[in-house]
Amino acid sequence: MSSVKRIAVLTSGGDAPGMNAAIRAVVRTCVYHDLHVYGVIRGFDGLIKGDIKRLEARDVANIIQRGGTILKTARSDSFETKEGRQIAYENLLANDIDGLIVIGGNGTYAGGLQFMQEFNLPVVGMPGTIDNDIFGTDYCIGFDTAINTAVDAVDKIRDTADSHNRIFFIEVMGRHSGFIALHTGVSSGAGAIFLPEREMSIEELTDLLRKSAKRQKLFNLVIVAEGNKNGDANEIAKQVKVLNPEFDVRVSVIGHLQRGGSPSAMDRVLASRMGHSAVQALMRGESGVAIGLINDKITFTPFHDAIHKRKTLNKELVKMAEILAM
Ligand code: F6P
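Throughout what follows, the structure given in this document is the object of discussion. Quick caveat: nothing in here was measured; it's all calculated off a predicted structure.

**Some points on the site of the ligand**
Then step 1. All residues adjacent to the ligand are R75, I130, D131, M173, G174, R175, E226, H256 and R259.
Then step 2. Within the contact set of the ligand, an oxygen atom lies 2.9 Å away from a side-chain nitrogen or oxygen of R75.
Then step 3. The contact in question runs from an oxygen atom of the ligand to an N or O atom on the side chain of H256, over 2.9 Å.
Then step 4. Protein coverage of the free-state accessible area of the ligand, which is 400 Å², stands at 76%.
Then step 5. When the residues that make up the shell around the ligand are grouped by side-chain class, the tally is 2 nonpolar, 2 polar and 5 charged.

**Quick word on the sheet that holds strand β4 (residues 99-104)**
Then step 1. Pairing in this open sheet of 7 strands is mixed, and the strands run β3-β2-β1-β4-β5-β10-β11 from one edge to the other. Edge positions in the sheet fall to β3 (52-55) and β11 (297-302), since each of these pairs with one other strand and no more. Looking at each pair of strands side by side, their axes are set apart by 30 degrees on average, direction ignored.
Then step 2. Of the pairings in the sheet, the one linking strand β1 (residues 6-11) to β4 comprises 5 bridges and is parallel in character. Paired with T11 across the bridge in β4 is I103.
Then step 3. Seen against the sheet, helix α9 (residues 265-283) touches β1, β4, β5 (123-127), β10 (289-294) and β11 and runs at an angle of roughly 170 degrees to β5.

**Observations regarding the pattern of salt bridges**
Then step 1. Within the structure shown, the criterion is met by 16 salt bridges.
Then step 2. In this structure, K156 and D152 form a salt bridge, with 3.2 Å as the shortest nitrogen-oxygen distance. Taken together, the residues span about one helical turn, with K156 and D152 both in helix α5 (residues 143-164) at a distance of 4 residues.
Then step 3. What makes K156 exposed here is its relative accessible area of 54%.
Then step 4. Exposure remark for D152: the relative accessible area of 42% places this residue in the partly exposed category.
Then step 5. The salt bridge involving D248 is made with R166; its shortest N-O contact spans 3.0 Å. Residue D248 is found in the loop between α8 (233-243) and β9 (249-253), and its partner R166 is found in the loop between α5 and β6 (167-172); the two are separated by 82 residues along the sequence.
Then step 6. In this structure, a network of salt bridges that share partners links the residues R198, E204, K319 and E322.

**Focus: unusual backbone geometry**
Then step 1. Despite not being glycine, R42 shows a phi value in the positive range, around 65 degrees.
Then step 2. Its location among the elements puts R42 in the loop between β2 (36-40) and α2 (43-49).
Then step 3. Even without a glycine there, the phi angle at D296 is positive, about 65 degrees.
Then step 4. Residue position: D296 is located in the loop between β10 and β11.
Then step 5. A relative accessible area of 53% means that D296 is categorised as exposed.

Calculation criteria
Residues numbered from 1 in each chain as written. Predicted model: local features only at pLDDT ≥ 70, side-chain atom pairs only at ≥ 80, totals over all residues. Heavy atoms only, no water. Near = heavy atom within 4 Å. Polar contact = N/O pair within 3.5 Å; in protein donor to acceptor, adjacent residues only side chain to side chain. Areas by Shrake-Rupley, 256 points an atom, 1.4 Å probe, with all protein chains shown as cover. Nonpolar A, V, L, I, M, F, W, Y, C, P; charged D, E, K, R; others polar. Pairing = 2+ DSSP bridges. Helix = DSSP H or I, 4+ residues; strand = E, 2+ residues; numbered from the N terminus. Axes fitted to C-alpha atoms, helices over the stretch in contact; angles between N-to-C directions. Contact = heavy atoms within 4.5 Å. Salt bridge = Lys/Arg side-chain N within 4 Å of Asp/Glu carboxyl O. Buried < 20%, exposed > 50% of the residue type's maximum accessible area, 1.4 Å probe, protein only.

Printed below as a string of structure tokens:
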């Protein structure tokens, strides 16, 4: 017997391709088990406003292929106050909701954990962020699509870089982590990658670029994670140009393109598995856990660990990227 009868689902923080596939999986798994399911509009803000609506199986038809989130999303300041959370809880009570699924990143989990502790409401989290920086899962929903978008953009830049013998500095997203930069860099054969997790001086980069030029490598692609310590792509390009006036340098910032678009098949499968498992977890009476996928197995990590432990980059991949970049 399920311990929950009415489940609400929300998306919060930055959107990520595959969130809709996750919502669809939650809704349809609930319907399959005769549970009532509700969508909250605009994340925790919507919970405070009482913007909650019942969802049926048909409400999530034709969304598996859509980017963004049909539930909308927001980063909520009001939810950080005790009063805000109290109102949110009362709105859930008014709808007899006894379980909550939150889809998002670290901030979303932190909100879910606090809410669960204050009101003893069962909460389960799903990792939806293109940054892929959530501890307790190999992949977050949206990452695969985002890197494919980034690689597609870099491939196009490569054509023009090659034609003009230019060095391109291409900035990708990743405020605190370099997963997008590393995977984009490896996939697009970048000459160098600036990561938040690894220091690289401008002199070091310059040395590398000069050596490449000597080897008749006439153009170069440098991937810059937005959160790296040397500054953004414009700043790094400027510094390189000062040290090497002979280089023909250009900058391209891919930006929010990485957040949109139709989710890849991998993200759709991941989101479907996670959404399905989130409902099953609540039905088993689990709470305070984040769903993950490790070695192709669904896992459950306590919110506390998912929020506070740091997911690290694969060092071998970082080293390999350097070796292959010659
Ligand atoms: O966390 C996801 C992310 O896309 C980061 O990579 C990026 O720094 C940030 O969100 C951008 O946030 P916003 O959409 O609020 O500008």
